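# Report on the structure
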Amino acid sequence: MVTSPIDDGPGIVAGYLAPHPPHLLYAENPPQNEPRSQGGWEVLRWAYENVRKRIKALRPDVIVIHAPHWITMVGHHVNCVPNPRGISVEPIFPNLLRYRYDFRTDVELAEAIADQASADGLVTRKLKAEGVRVDYATITALHLLNPEWDIPVVSLSANNNPYYYSTSSLDQMEVLGEATRKAIEATGRRAVLAGSNSLSHLHWDREPELPEDMAGEHVYNNHQYQWDMRLLELVRAGRTGDLKGFIPEHIEATESETKAGSLSWMLSALGWPEGTGEVLAYGTVIGTGNAVAAWEPRGVPA
């Protein structure tokens, strides 16, 4: 972590790769989540604790998040509901995540992102329907980044129509990232971005009797692990330009969840910054590869 005097100027102050397996939230035992746990996946959760401290030091006005499980088949949608609240249930693991959420949306910024994305040529819609359930990936990542929920949020959908066919949708994610940056700067916001996805994404199809039993937690196979390490070495070396070209290769080799575009969106918004990138942790959840990583081009106040 690079430390520096605090920079109170607007703009994007940091971006975090923030994976969202529900197991991580489950293991925290927050009061909002009904199931109870004995812990587990500590290395990833400790990395999130580190990120929370960094976010507090950066003092953002808003967290903008893109996650793969608010799926919109036509276009990119932006949540413009002022106070989303309800219960989010993980459809595959309802035994792990039944979470009551209640948070604030930065509506002005949300609408500005939607308008800018539309102006830049993307099919874009503003979600204004009250009572629509917020997906578990968005909720999980936001809780792990800021469990106090005292920072307003803007959440973006994953346009998964092209996702099913090719990596061509990554080009749209770059446009969305640039539109996000323009809207943040135009509204004078100080923003943290969260790209929420796992890396390699082959996983086990049987859950142990005790989900948090770490005796059964390991990489799906060595092929998946080695490709994840190749990607993370580029992050660690600050070779962001090379990372841009490597992401499609990694997707092809590992069925990576980055195909939803969250990481490409975030790094595009940051301007694909060379020389920055810090891997805070890597770990597996039901065999999938997950990393918590940071891009902090302005540094973090001590």
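Before reading on, note that the structure itself is shown above.
The notes below deal with the structure included here. (Residues numbered from 1 in each chain as written. Predicted model: local features only at pLDDT ≥ 70, side-chain atom pairs only at ≥ 80, totals over all residues. Heavy atoms only, no water.)

### Thoughts on the overall build of the protein chain
- When helices and strands are tallied, the protein chain shows 9 helices and 10 strands.
- Against the 2.2 N^0.38 benchmark of 19 Å for 302 residues, the protein chain shows a C-alpha radius of gyration of 18 Å, consistent with a compact globule.
- Going through the 302 residues of the protein chain one by one, you find that 57% of them count as buried.
- Pairs at least 24 residues apart make up 82% of the contacts formed inside the protein chain by residues separated by at least 6 positions.
- Looking at the protein chain as shown, the accessible area adds up to about 12200 Å², and 50% of this sits on carbon and sulfur atoms. (Helix = DSSP H or I, 4+ residues; strand = E, 2+ residues; numbered from the N terminus. Rg over C-alpha atoms; globule rule 2.2 N^0.38 Å. Buried < 20%, exposed > 50% of the residue type's maximum accessible area, 1.4 Å probe, protein only. Contact = heavy atoms within 4.5 Å. Areas by Shrake-Rupley, 256 points an atom, 1.4 Å probe, with all protein chains shown as cover.)

### Some remarks on the pattern of salt bridges
- Within the structure shown, the criterion is met by 17 salt bridges.
- Its salt-bridge partner being arginine 45, residue glutamate 28 comes within 2.8 Å of it at the nearest N-O pair. Within this pair, whereas glutamate 28 is found in helix α1 (residues 22-28), its partner arginine 45 is found in helix α2 (residues 42-58), the two being separated by 17 residues in sequence.
- The class for arginine 45 is buried, based on a relative accessible area of 10%.
- Across the pair glutamate 278 and arginine 54 runs a salt bridge whose closest N-O atoms are separated by 3.1 Å. Within this pair, whereas glutamate 278 is found in strand β9 (residues 278-285), its partner arginine 54 is found in helix α2, the two being separated by 224 residues in sequence.
- Judged by relative accessible area, glutamate 278 falls into the partly exposed class, the value being 25%.
- Three or more residues joined by partner-sharing salt bridges are found here, namely Glu28, Glu42, Arg45 and Arg52. (Salt bridge = Lys/Arg side-chain N within 4 Å of Asp/Glu carboxyl O.)

### Some points on the pairing of strand β3 (residues 76-79)
- The alternating pattern of β3 places His76 and Val78 and His77 and Asn79 on opposite faces, both of which are buried.
- In this structure, β3 lies alongside strand β6 (residues 124-127), joined through 4 bridges in parallel fashion. Residue pairing across strands places valine 78 opposite lysine 126, the latter belonging to β6. (Pairing = 2+ DSSP bridges.)

### So, the layout of surface pockets
- Taken as a whole, the largest pocket spans an internal volume of roughly 470 Å³.
- Taken together, 27 residues make up the lining of the largest pocket; nearest its centre are His69, Ile92, Tyr136, His201 and His203.
- Among the secondary structure elements, those contributing two or more residues to the lining of the largest pocket are α1, β2 (62-72) and α5 (160-163).
- It is β2 that contributes the most residues to the lining of the largest pocket, 3 residues altogether.
- For the lining of the largest pocket, the class distribution of residues is 14 nonpolar, 8 polar and 5 charged. (1 Å grid on protein atoms, 1.4 Å probe; cavity = no way out; pocket = protein on both sides within 12 Å on 5 of 7 lines; lining within 4 Å. Points joined across faces, edges and corners; volume = space filled by probe spheres on them. Nonpolar A, V, L, I, M, F, W, Y, C, P; charged D, E, K, R; others polar.)

### Describing helix α8 (residues 240-254)
- Taking 1.5 Å per residue as the helical rise, α8 with its 15 residues ought to reach 21 Å, and the 20 Å between its terminal C-alpha atoms agrees with that figure.
- When we look at burial in α8, the residues that qualify are Thr240, Leu243, Phe246, Ile247, His250, Ile251 and Thr254.
- Just beyond α8, the residue with positive phi is glutamate 255, at close to 55°. (Expected span 1.5 Å × (residues − 1).)

### A word on a nonpolar patch on the surface
- Residues Ile71, Met73, Val74 and Val123 make up a contiguous nonpolar surface patch of roughly 350 Å² in combined accessible area.
- Looking at the secondary structure, you find valine 74 in the loop between β2 and β3.
- The exposure class of valine 74 is exposed, given its relative accessible area of 60%. (Patch = residues over 30% accessible without salt bridge, like charges linked within 9 Å, V, L, I, M, F, W, Y side chains within 5 Å.)

### Examining the nonpolar core
- Membership of the largest hydrophobic core comes to 43 residues, with the highest contact counts inside it found for Val64, Val154 and Trp295.
- Counting 42 residues, the second-largest nonpolar core is a separate cluster that includes Ala18, Leu142, Leu144 and Val292. (Core = buried A, V, L, I, M, F, W, Y, C linked by side-chain atoms within 4.5 Å.)

### Description of the environment of glutamine 224
- Tracing the backbone through its elements, the reader meets glutamine 224 in helix α7 (residues 222-236).
- Remark: the alpha-carbon pair of glutamine 224 and tryptophan 265, spanning 41 residues in sequence, is separated by 23 Å.
- Each residue touching glutamine 224, except ones within four places of it in the same chain, is listed here: Ser200, His201, Leu202, Ala253 and Thr254.

### Topic: the packing of α2 against helix α4 (residues 136-145)
- Close contact between α2 and α4 brings their axes to 8 Å; oriented N to C, the two are set at 70°. What the angle tells us is that α2 and α4 run roughly perpendicular. Seen from α2, the contacting residues are Tyr48, Val51, Arg52 and Ile55; seen from α4, they are His143, Leu144 and Leu145.
- Tallied by class, residues from the contact of α2 with α4 come to 5 nonpolar, 1 polar and 1 charged. (Axes fitted to C-alpha atoms, helices over the stretch in contact; angles between N-to-C directions. Parallel < 35°, antiparallel > 145°, perpendicular 65-115°, else oblique.)

### Side note on α4
- For α4, a buried count of 10 out of 10 residues is recorded, marking the element as mostly surrounded by other parts of the structure.
- Within the span of α4, buried status applies to Tyr136, Ala137, Thr138, Ile139, Thr140, Ala141, Leu142, His143, Leu144 and Leu145.
- Regarding α4, its N-cap is aspartate 135, as a side-chain oxygen of that residue lies 3.2 Å from the backbone nitrogen of alanine 137 further along. (Polar contact = N/O pair within 3.5 Å; in protein donor to acceptor, adjacent residues only side chain to side chain.)

### Comments concerning unusual backbone geometry
- Its identity as a non-glycine residue notwithstanding, tryptophan 149 has a phi of 55°, on the positive side.
- Judged by relative accessible area, tryptophan 149 falls into the buried class, the value being 12%.
- One non-glycine residue, glutamate 255, adopts positive backbone phi at about 55°.
- Mapped onto the elements, glutamate 255 comes out in the loop between α8 and α9 (262-269).

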